[in-house]
Amino acid sequence: MRTFRGAVIGTITAMVAVTAVATPAGAAAAPAAPYTALTVDGNPFSWWHQGSRVFDQAGGAAFTVTPGAGDALNLRADQAGDAWTFRMAPPSGETWTAGTTYELTGVEGAEDFAFIDVAHNGATCTETPGYLSVSEATRDAGTDRLTSFAAYYVISCGSSRHDLFGEIRWNSTVGYAAAGTDTMSHDFGDRLVGGPAASRTITVRSMGSDPVEYGTARFDTPGAYSITADTCSGTTRAAGETCTVTVSVRPTKLGGEWNLLVLPDNTVVGERMVQLGVNGVDPRTVSVAPASLAFGDQYIAETGGTQSVTVTGTGDTPVTFGAATIGGTDASSFAVKADTCKGATLAKNQTCRVDVVAKAAGGGARSATLQLPNDSLTNPRTVPLTLNGVVGATGTYYPLTPARIMDTRTGNGAPKAKLGPNGTVNLQVTGRGGVPSAGVGAVVLNVTVAEPTASSYLTVYPAGRAKPTASSLNFGTGWVRSNSVTVAVGTGGKVAITNHAGSTQAIVDVVGYYASDNTPIMNGIGVGGQLQPVAPLRLFDSRSDWGSKLPAGDQVRLAVNYGPEANARMRAVVVNITAVSPSASGFLTAWNGEWPEPPTSTVNYATGSVTPNLAVVPVRRCYDCPWGAELPTFGVYTHKDSHVIVDIVGFIDDGGLANGLRFDPKTPTRIVDSRIGQGLPTNPGPAVIGTVTTPGSVVTDSTRALALNVTAVSPTASTYLKLWPNGVTGIDRPDVSNLNAAAGQTVANAAVTLIGPTDAFNVYNHSGTTGVVADVVGTYWLYPGTASGSAVSGDTSRSPYRLGELPTPDKGP
């Protein structure tokens, strides 16, 4: 037989919902011996039974008791429609022994366990684990059957806690203590945080034969509850006597606060427990609608859709709001556009509104939180924000086969007449030469003058805007000169071209355009390319590579190699092309090299001159080139015998390579004029390096490069200028030049240069002293949709793309 003594009832710590129970039955006076009684104390957390019941003759209970063989005992107690049945038997082959505690099982006839089966109004449970402690057991000498029995029980209905406690008496001389409360639980409901306290008085009744001794009332855990009156603690109460404990609650926080009132006693269960609950509420309440803002797909780095939340006062006490903010991991993908809640105090039914605009800081799912600070206990009120960043087209480049869209000699795109002094042509560029009618932010043009009657310059700028203090192409009397011009598109899809002095023919070829929005995607063209700046390097120099000029009517086909991924994604190259010592006046044409060459020019040169021009040249896969189709290829054609130099400064990808730059066009803005000390303190002398810091009005935190028109003004000796970023690791003064100028000439050339961490770039003058003028026509900015970690954090180290091994340039007709 397995027995044990002095069993300890486990501490109950779990919390469950508040449950009301009936007032316990009580007796007017203590029952007299011999006692026949049943007490039932249900754990307040029990799934089967909660509350205290006492069944005795004094209270009018009816008992049916049947002793059986082997000390078996069946006891049924009925009172006011409530019935409990206990069936018990000692371990097989044993009898009940006073002073022994038995472990219990629900299986009859077990050798090591006493049997018990408990039913309440017909419902039963698995009564183990548990135990029965016997204090009295007498038998009839003739029948050997029980004549009296006293015990207390503790059983668990298949749970991890003790569910039922109580005393069993039949014809017993052993007294018992029992008690109950008028409620097992009390819910104080909604109460204002910081408001007046609410109280409830709990009545405790002694109900057994023996007096009940009460310990000190307490709460299970500290909190919002307090005992404000107590007639129970430290007292002894006879059967039928009552005492009270008054509890008060004053919520300290929003939401539910649960607790247990515990009153120790000398009953089997050892304590009375009453569950208490309250829900703290705030009189300063508002509703926020909608509860969340989902922006869906939004183009990366573009100001997208705006959504609003409306805040409505709903409480009796007004709520005052501070300024709305955005928080969370992706806070930079959203911004507060308007906030009428800032400083507002909302009474009931008054409203305010906060507008949130999306601007995806990167690709994929982005989330943040709109925070609405206020003086209520729900501070701040929050609204989840979500969007999905998708790649857009704004600022990407679309190379075109060069097309002539203006020639004043023939009347193409403009009147058939020279541009006179201060004469202006508003040239339609959208819808012509392959340029779409909509969605165009800027165009890349090759602008040429012929037959000028005076030294002058052209200024190319967006139509409909005031002519800026800037030049796009400088020339002398009688020159034929060209320059690459990138210009924002103005009113009506036009650009303005103004001649300063004298009269001149003007020829314009379009070679590509930049998207102003996502129209190309909507029209099925897709995303254009991004600039990938590289360290300036010489691709070809006929003087050293061949030792002879490129013959008139021939082209040189050139390949570039920046690795398999870059080669596969390359759409155009950004190159500086220079004609050196041509045998006669003529021109160079740069294109993808596929015959026939287009009827346009890239560099217009005079006999014996050194004439450069920046060009964005489409590339192709050359299936008839000696190096095959693996390398991107382009061609340069010459009209007359001439040496040709080609320097690469970048390439245009397909929009998919990491850390690509996109273009933001600007009305030409002068940032350098060394003649007046702007940007550079003075005209640089021979071998002088000057540093130019780009004005903050031109650049942003994401700007990485500038599109410039650079002019050498009246150098005292033939010279060249070089540009490179200031303070960028790994990029020193390049071996190639951006602009060549003869003594006394005023010459302009387009240039693209990276800027350093302080937005600065360097300018080197080789010989003599020269004036330097630089106009910004646009900026290149890092696109978050393809930016990698180091680039996002501002790293401006050397481009990852290195020029690989190149095949021998191919010369042919």
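Please refer to the structure placed before this passage.
Residues numbered from 1 in each chain as written. Predicted model: local features only at pLDDT ≥ 70, side-chain atom pairs only at ≥ 80, totals over all residues. Heavy atoms only, no water.

Student: Quick one: what's the story with the overall build of the chain, residue by residue and with numbers?
Tutor: When its secondary structure is counted, the chain shows four helices and 57 strands. Burial statistics for the chain: of 813 residues in total, 54% are counted as buried. Taking as baseline every contact in the chain between residues at least 6 positions apart, the subset at least 24 positions apart corresponds to 74%. Carbon and sulfur atoms form 50% of the exposed surface of the chain, whose accessible area is close to 30,900 Å². The chain carries 53 positive and 62 negative side-chain charges, and their two centres are separated by 15 Å. (Helix = DSSP H or I, 4+ residues; strand = E, 2+ residues; numbered from the N terminus. Buried < 20%, exposed > 50% of the residue type's maximum accessible area, 1.4 Å probe, protein only. Contact = heavy atoms within 4.5 Å. Areas by Shrake-Rupley, 256 points an atom, 1.4 Å probe, with all protein chains shown as cover. Lys, Arg positive; Asp, Glu negative; His and termini not counted. Charge placed at Lys NZ, Arg CZ, Asp CG, Glu CD.)

Student: Tell me about the pairing of strand S33 (residues 424-428), and name the residues and values.
Tutor: By the alternation rule, side chains of S33 split into Val425 and Leu427, which are all buried, and Thr424, Asn426 and Gln428, of which none is buried. Across five bridges, S33 lies against strand S38 (residues 494-499) in antiparallel orientation. The residue of S38 that forms the bridge with valine 425 is isoleucine 497. (Pairing = 2+ DSSP bridges.)

Student: Report on the sheet that holds strand S55 (residues 760-765), specifying residues and quantitative values.
Tutor: The four strands are arranged S50-S55-S52-S53 in an open sheet whose pairing can be described as antiparallel. Each edge of the sheet is formed by a strand with only one pairing partner; in this case those strands are strand S50 (688-693) and strand S53 (739-741). Along the sheet, successive strands turn relative to each other by an average axial angle of 20°, direction set aside. Here S50 pairs with S55 via six bridges, running antiparallel. Paired with threonine 691 across the bridge in S55 is asparagine 762. (Axes fitted to C-alpha atoms, helices over the stretch in contact; angles between N-to-C directions.)

Student: So what's going on with the sheet that holds strand S19 (residues 242-249)? Residues and values would help.
Tutor: Taking strand neighbours across the sheet as the criterion, the four strands line up as S12-S14-S19-S17 in an open arrangement whose pairing is antiparallel. The open sheet has two edge strands with one neighbour each: strand S12 (179-181) and strand S17 (225-230). Strand after strand, the sheet turns through a mean of 25° between neighbouring axes, direction not considered. By the bridge criterion, five bridges tie S17 to S19 in an arrangement that is antiparallel. Residue pairing for S19: serine 226 is matched across the bridge by serine 248.

Student: Hey, could you go over the state of the cysteines for me, with residue numbers and the actual values?
Tutor: The final tally for this structure, using the stated rule, is four disulfides. The disulfide that involves cysteine 125 links it to cysteine 157, with 2.2 Å between the sulfurs. Taking the torsion about the sulfur-sulfur bond, which here is approximately -55°, the covalent link between cysteine 125 and cysteine 157 counts as left-handed. Note that cysteine 125 is positioned in the loop between strand S8 (123-124) and strand S9 (130-139) and cysteine 157 in the loop between strand S10 (146-155) and strand S11 (164-172), a separation of 32 residues in sequence. Take cysteine 125 and cysteine 157: they sit in the same class, and that class is buried. The partner cysteine of cysteine 622 in its disulfide is cysteine 625, sulfur to sulfur 1.8 Å. In this structure, the disulfide formed by cysteine 622 and cysteine 625 twists by about 85° around the S-S bond and is classed as right-handed. Just as cysteine 622 is buried, cysteine 625 falls in that class too. When the cysteines of the chain that form disulfides are numbered from the N-terminus onward, they connect as 1-2, 3-4, 5-6, 7-8. (Disulfide = S-S within 2.5 Å.)

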